[in-house]
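Structural description and commentary
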Amino acid sequence: MERTLVLLKPDAIQRDLVGEILSRFERKGLKIVGLKMMQLSDELLNEHYSHLVGRDFFPEVKSFMQLTPVIALCLEGTDCVNTVRALCGVTKAREAAPGTIRGEFGMSVQANLIHCSDSLETAQVEVPRFFKAEELFEYPDALINYVYSAR
Ligand code: GDP
Ligand code: MG
């Protein structure tokens, strides 16, 4: 079972899409193992978006991510990193496939509603960046045999 990090960005919160997005993950069969609201600091964003430091749009991305608190989510499931990535759609929301979260709800590159880890290696760094060990939970999943059957 993999775990991945998801952030619901300030545009998702302002546009009242939190329930819609959480519900998509639940209905897919992914398990919520961590969930909280947080205001992102400069330090955390510099680390989280270190691959963008130096790009001309980075200051704008940072202030966008600080407009409101974000909702951080840790999801668990078989192949969950790629599954969540596929549900989110590509970075440029206008070009994201219909049916994906960005494809259904977004028009912007920057305000694209959601962050999700882009690989298992990234997820293994990003989950502990946003969640302390005691904020992540293990609990029985009553529907696991129905969601996965033979996997
Ligand atoms: P992601 O993994 O799909 O979120 O994309 P990246 O890791 O490449 O970029 C991180 C975030 O920075 C994106 O989700 C956007 O919010 C923002 N971003 C990426 N490219 C651009 C850009 O060209 N312009 C602006 N304004 N924001 C961008
Ligand atoms: Mg990325």
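Procedures and definitions
- The written sequence of each chain sets the order in which its residues are numbered from 1.
- Labels are handed out in written order, letters beginning with A for the chains and numbers beginning with 1 for the ligands.
- Where local features are concerned, this predicted model is filtered to residues with pLDDT of at least 70; where side-chain atom pairs are given and counted, the filter is 80 or more; whole-chain, interface and lining totals use all residues.
- Pairing between two strands requires that DSSP report at least two bridges joining them.
- Labels follow the DSSP assignment, with helices taken as runs of H or I lasting at least four residues and strands as runs of E lasting at least two, numbered in each case from the N terminus.
- To get an axis, fit a line to the C-alpha atoms, keeping to the stretch in contact for a helix; angles then go from 0 to 180 degrees between the N-to-C directions.
- Throughout, a pair of residues is in contact if the C-beta atoms placed from their backbones lie within 7 Å.
- UniProt positions are given in the numbering used here, feature names are shortened, and annotations may be inferred rather than shown by experiment.
- Think of it as a crowd count around each C-beta: if 20 or more other C-beta atoms lie within 10 Å the residue is buried, if 12 or fewer it is exposed, and in between it is partly exposed, with C-beta placed from the backbone throughout.

Let's shift gears to the sheet that holds strand β3 (residues 70-77). Pairing in this open sheet of 4 strands is antiparallel, and the strands run β2-β3-β1-β4 from one edge to the other. Each edge of the open sheet is held by one strand with a lone partner, namely β2 (31-38) and β4 (114-116). Adjacent strand axes in the sheet meet at a mean angle of 20°, parallel and antiparallel pairs treated alike. Where β2 meets β3, 7 bridges bridge the pair, whose relative direction is antiparallel. Paired with Met38 across the bridge in β3 is Val70. Against the sheet, helix α5 (residues 80-88) makes contact with β1 (2-8), β3 and β4, and its axis sits at roughly 30° relative to β1, the strand it touches most.

Our focus in this paragraph is the UniProt feature "binding site: ATP" (unreviewed entry) in the protein chain. Those places that UniProt annotates as "binding site: ATP" (unreviewed entry) correspond, in this numbering, to Lys9, Phe57, Arg85, Thr91, Arg102 and Asn112. The named residues occupy 104 residues along the chain; their greatest pairwise C-alpha distance, 22.8 Å, places them well apart from one another. Since 22 C-beta atoms lie within 10 Å of it, Lys9 is described here as buried. In this view, Lys9 contacts Met65, Val70, Leu113, Ile114 and His115; residues no more than four positions away in its chain are not counted. Take Thr91: it is sitting in the loop between α5 and α6 (101-105). Setting aside residues no more than four positions away along its own chain, Thr91 makes contact with Val109 and Asn112.

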